[in-house]
Amino acid sequence: MNYKSIIKTVVILASVASLQSCDKDFSEVGGDIIGDNNLNIDTYQVSDLTAYTQPYGALGTQNLANMPFGSLDNGEFGRSNSSFVTQVLSSATSFGMIRSNAVMDSVYVYIPYYSQFDKVENETTYYNLLNVVGDASFNLEVYENGYYLHDVNPGTGKALDYFSDAAAQYEQFKKPTLLNDSENIKQNKEFTFTKQNIVLYKRDANGNIVQDETTGKPIELERLAPGLWLDLNKEYFQKFATTGVNLNDPSQFKDFFRGLYFKATGNQTAGALGLLNLTQGKLVIKYHQEVEEADDDGNPVKKKQHLTATLPFSKAANAGENASVFGDNINVSLNTTEGNKHTQVGNKTEGDPFLYVKGGEGNLAVLDLFNKNDFEELKKLKELDILVNDAILTVHVDVTAMPKNQIPQRLYLYNYDNGSPISDFLNDNSANAQYSKLVYGGIYQAADEENKIKGNTYKFRITEYVRAILKNKELKSPKLAIAATFNYNDLLVNTVTKGTNSKLKTEIENTPENVTYVPSLSAMQPLGTVLYGTNTSSDKKMTLQIFYTKTKN
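My aim in this report is to walk through the structure given alongside it, one point at a time. (Residues numbered from 1 in each chain as written. Predicted model: local features only at pLDDT ≥ 70, side-chain atom pairs only at ≥ 80, totals over all residues. Heavy atoms only, no water.)

## Structural notes on the overall build of the chain
Inference 1: Each helix and strand in the chain was counted, giving ten helices and 28 strands.
Inference 2: Relative to its 553 residues, the chain shows a buried fraction of 49%.
Inference 3: Of the contacts formed within the chain by residues at least 6 apart in sequence, a portion of 80% connects residues at least 24 apart.
Inference 4: Total accessible area on the chain stands at roughly 26,000 Å², and carbon and sulfur atoms take up 46% of it. (Helix = DSSP H or I, 4+ residues; strand = E, 2+ residues; numbered from the N terminus. Buried < 20%, exposed > 50% of the residue type's maximum accessible area, 1.4 Å probe, protein only. Contact = heavy atoms within 4.5 Å. Areas by Shrake-Rupley, 256 points an atom, 1.4 Å probe, with all protein chains shown as cover.)

In structure tokens:
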């Protein structure tokens, strides 16, 4: 009888059934298998597992898939401030009609959040905001960026790296005028992430909202999903009408207007921080001008012409048009932290009792598996000649160290030595309405005493990874690492599968090769959490359990 084929089939069926809920994903599959008298089914807990905190410092943050934004008091890690600078794009038609007598009527910025429909109340649509932490406010200042963002180094012709620790540079070169100077403090001194949709109304020549003659209600032009909406100083943009620069030439435009600098800082509240969908962001300039036209009799007549220039932050925002005419843009995420106490390398030999995992300019938790005493434990497992049914890494959160509403929804486990995703991640296509990569896991499970659910844990299924180590003829076990991330959306998953990583400003010493990159997922999640490590007597210490089957001799 082919016992290995039988067991593999049972494990697959058990895994499919486990997708009914996140909690059930990590039931002890090995213990549920019904064998016969010729099979031993058992659990093995790995002892050669050492985990330590590894800071990585500043990292490359140009053109991230998602833009972190906000200021949040992040418990043990101090206050995290996520600002950014971005170019805006012009095309051959953006200012094709503008004249020197043009008058700016309004200028605004819109960048959508990630959200899902929730409900409609009193004709207002509400959404659940995804990847937003905190519900307080922070201080937001927007300026014209004065630092030119080059695609390549003018001297060498090589691509330039833009790092997360360069906030002082953009602060130095910013233009002095505050652009988001609205009287509405929700757009500046007390900026908040709002859950309501944004409604644009029809307006008359004087800027007043037009009412429907039948219903008496304002006439709606468009409804937008929740997002960052800022009314900017329209007088500042009057220079677009009077400049002698050819605004329709992308290269001239980029030098004339070098983009926007969004600066987020604390304002004595706990704050908030989330992700912006910058690929759909835009700067919109509405203006009017007098033009002279001939009437039916050929006589000159002056008319008021109303026009709009839409300047995207990304070519993707104009996918419906000929996006190539906009050229390429650059955006850079900037991260500053105030009061972070956890910036030291942990104990690489003995491991740490607690692991301080943080994104942005943060820390990883490095896991050294099976490498002690000349691979003694790995040799033992290889000699057993077992069939691995499941391998589950369990990581507990120190809930006393962090505000509960700031614990990341997910963590990301990957190959630390080469920076690549492990096969368990790549081969997992499971998903439900809330999460993808369910079998691989890394999803935070909170404890629920009422329903008798043990929790405050992250669990990773790394079955394929462990099988590959045991099958490998060489005695080799690459180190793993845990990084902070937001819950995956399509852009985040694509970032991983395409192997997009962020370059470190200072490489980390490591064997077999120094580490020069970390996952871009971590660059997009500047917050952190505290985990129990391996050097502790606590029952919450990190564990790796292998569920296996072995034929009786």
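Next comes the rest of the account.
## A closer look at the side chain of D428
Inference 1: Structurally, the position occupied by D428 is in the loop between helix 7 (423-426) and strand 22 (441-445).
Inference 2: K437 is the oppositely charged side chain nearest to the buried, salt-bridge-free D428, at an N-O distance of 6.0 Å.
Inference 3: Reaching out from D428, the side chain makes a polar contact with the backbone nitrogen of Y440 at a distance of 2.8 Å.
Inference 4: Beyond its immediate chain neighbours, meaning those up to four positions away, D428 contacts K437, L438, V439 and Y440. (Lys, Arg positive; Asp, Glu negative; His and termini not counted. Salt bridge = Lys/Arg side-chain N within 4 Å of Asp/Glu carboxyl O. Polar contact = N/O pair within 3.5 Å; in protein donor to acceptor, adjacent residues only side chain to side chain.)

## Examining the packing of helix 6 (residues 376-384) against helix 8 (residues 463-471)
Inference 1: In the contact formed by helix 6 and helix 8, the axes pass within 9 Å of each other and the chain directions differ by 85 degrees. By the angle between their axes, helix 6 is roughly perpendicular relative to helix 8. When helix 6 is examined against helix 8, the residues L378, L381 and K382 are found in contact with a partner set consisting of I469, L470 and K471.
Inference 2: Residue composition of the contact of helix 6 with helix 8, by class: four nonpolar, no polar and two charged. (Axes fitted to C-alpha atoms, helices over the stretch in contact; angles between N-to-C directions. Parallel < 35°, antiparallel > 145°, perpendicular 65-115°, else oblique. Nonpolar A, V, L, I, M, F, W, Y, C, P; charged D, E, K, R; others polar.)

## Some thoughts on the sheet that holds strand 5 (residues 103-112)
Inference 1: Within the open sheet, the four strands sit side by side as 12-5-15-16. Their pairing is antiparallel. At either margin of the open sheet sits one strand with a lone partner, and together these are strand 12 (227-232) and strand 16 (300-312). Sheet twist, expressed as the average angle between the axes of neighbouring strands with direction ignored, equals 20 degrees.
Inference 2: The sheet contact formed by strand 15 (residues 282-294) and strand 16 spans 13 bridges and is antiparallel. Bridging across to strand 16, L283 finds its partner in L311. (Pairing = 2+ DSSP bridges.)

## Some remarks on the pattern of salt bridges
As a working rule, side chains carrying opposite charge can pair if their charged atoms are close by.
Inference 1: Under the counting rule described, the total for this entry stands at 15 salt bridges.
Inference 2: Notably, a salt bridge pairs E123 with K217, separated by 2.9 Å at the nearest N-O pair. With E123 in the loop between strand 6 (114-121) and strand 7 (124-130) and K217 in the loop between strand 10 (198-201) and strand 11 (220-224), the pair connects residues that are 94 residues apart, well separated along the chain.
Inference 3: For K217, a relative accessible area of 43% corresponds to the partly exposed category.
Inference 4: Bridged by salt links that share partners, the residues E144, K175 and K239 form one connected network.

## Things to note about the environment of Y532
Inference 1: Counting through the fold element by element, Y532 comes out in strand 27 (residues 528-532).
Inference 2: Considered as a pair, Y532 and T543 are eleven residues apart in the sequence and their alpha carbons are 10.0 Å apart.
Inference 3: Setting aside anything within four residues of it in sequence, one finds Y532 in contact with P353, F354, L355, V395, H396, V397, D398, S538, K540, K541 and M542.

## Remarks on helix 6
Inference 1: Among all positions in helix 6, only E377, L378 and L381 are buried. Along helix 6, the residues classed as buried sweep out an arc of 100 degrees about the axis, all on the same side. Exposed and facing more than 90 degrees away from the buried side of helix 6 are E376 and E383.
Inference 2: Along its buried surface, helix 6 packs onto strand 1 (39-45), helix 8 and strand 28 (543-551). (Arc of directions from axis to C-beta.)

None of this, on its own, says anything about what the molecule does.
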